[in-house]
Amino acid sequence: MTAITQGESIEDALSEAADCLEEAIANRVIRRSEIPVPSEPDENEYTVTTPLQTSFKASIWLAMQEKNINQTQLANVLSVDEKEVRRILDPSHNTKLETLERSLCKIIL
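Predicted model only: the values in this text are computed from it and were never measured.

Undergrad: Pulling in residues and values, what's your account of helix H5 (residues 97–108)?
TA: An ideal rise of 1.5 Å per residue puts 16 Å on 12 residues; H5 measures up with 17 Å between its terminal C-alpha atoms. Packing partners of the buried residues in H5 comprise helix H2 (52–67), helix H3 (71–78) and helix H4 (82–89).

Undergrad: Mind laying out the pattern of salt bridges, listing which residues take part and the relevant values?
TA: Per the counting criterion, the structure on display carries one salt bridge. Across the pair Glu84 and Arg87 runs a salt bridge whose closest N-O atoms are separated by 3.0 Å. A residue pair is termed a helical-turn pair when its members lie 3 or 4 positions apart in one helix, as Glu84 and Arg87 do in helix H4 at three residues. Classification of Arg87 by relative accessible area gives partly exposed; the value is 36%.

Undergrad: Can you lay out the nonpolar core for me, pointing to particular residues and giving the numbers?
TA: Of all hydrophobic cores here, the largest spans 18 residues; its most connected members are Ile60, Met64 and Leu74. Looking at this core, the elements that each hand over two or more residues are helix H1 (10–31), H2, H3, H4 and H5. Sorting elements by how many residues they give to this core places H2 first, with six residues. Apart from residues no more than four positions distant in its own chain, Met64 is found in contact with Ile69, Asn70, Gln71, Leu74, Leu89 and Ile107.

Undergrad: Outline H2, listing residues and values.
TA: Taking 1.5 Å of rise per residue, the 16 residues of H2 would be expected to cover 22 Å, and the 22 Å separating its terminal C-alpha atoms lies within 8% of that figure. All buried positions along H2 are accounted for by Gln53, Thr54, Phe56, Lys57, Ala58, Ile60, Trp61, Ala63 and Met64. Against H1, H3, H4 and H5 lie the buried residues of H2. Where H2 ends, the next residue or the one after it, Asn68, has phi of about 55°, a positive value.

Undergrad: Explain unusual backbone geometry residue by residue, including any values.
TA: We note that Arg32 has phi near 60°; this positive angle belongs to a residue other than glycine. Position of Arg32 relative to the elements: it lies in the loop between H1 and H2.

Undergrad: Go over the packing of aromatic side chains with me, naming the residues and quoting the values.
TA: All told, the structure shown has zero aromatic pairs when counted by the stated rule. Residue placement shows Arg32 over the ring face of Trp61; its charged tip is 5.5 Å from the ring centre.

Undergrad: Quick one: what's the story with a negative patch on the surface, residue by residue and with numbers?
TA: A cluster of acidic side chains, namely Glu8, Glu11, Asp12, Glu16, Asp19 and Glu23, defines a negative patch on the protein surface. Tracing the backbone shows Glu23 in helix H1.

Conventions and cut-offs
- Residues numbered from 1 in each chain as written.
- Predicted model: local features only at pLDDT ≥ 70, side-chain atom pairs only at ≥ 80, totals over all residues.
- Heavy atoms only, no water.
- Helix = DSSP H or I, 4+ residues; strand = E, 2+ residues; numbered from the N terminus.
- Expected span 1.5 Å × (residues − 1).
- Contact = heavy atoms within 4.5 Å.
- Salt bridge = Lys/Arg side-chain N within 4 Å of Asp/Glu carboxyl O.
- Buried < 20%, exposed > 50% of the residue type's maximum accessible area, 1.4 Å probe, protein only.
- Core = buried A, V, L, I, M, F, W, Y, C linked by side-chain atoms within 4.5 Å.
- Phe/Tyr/Trp six-rings, centres within 6.5 Å; stacked < 30°, edge-to-face > 60°.
- Lys NZ or Arg CZ within 6 Å of the ring centre and 35° of its normal.
- Patch = residues over 30% accessible without salt bridge, like charges linked within 9 Å, V, L, I, M, F, W, Y side chains within 5 Å.
- Areas by Shrake-Rupley, 256 points an atom, 1.4 Å probe, with all protein chains shown as cover.
- Lys, Arg positive; Asp, Glu negative; His and termini not counted.
- Charge placed at Lys NZ, Arg CZ, Asp CG, Glu CD.

The structure is reproduced here in structure tokens:
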């Protein structure tokens, strides 16, 4: 995944890069696409992170792919309606971190 951003300062450029990364990951979760593994930064490169909620949702999606389970199966594992799983995976839905953590733990354990 490659993206180019810019800013008036390094801090501004890094903020733009973080926003870009968050949007790229959210889009891949929405489209149910593969999320590439991050590469190690070169000596003169910076790293950025995504918000915790985005990271959790991407991790849940990746764990579902790894375990080969779909939304219906996850709903059964979590004992919730499939609509709740759609909200859990929706990057724009403000899901409680406790719900995301519990969901991820149920998948990987």
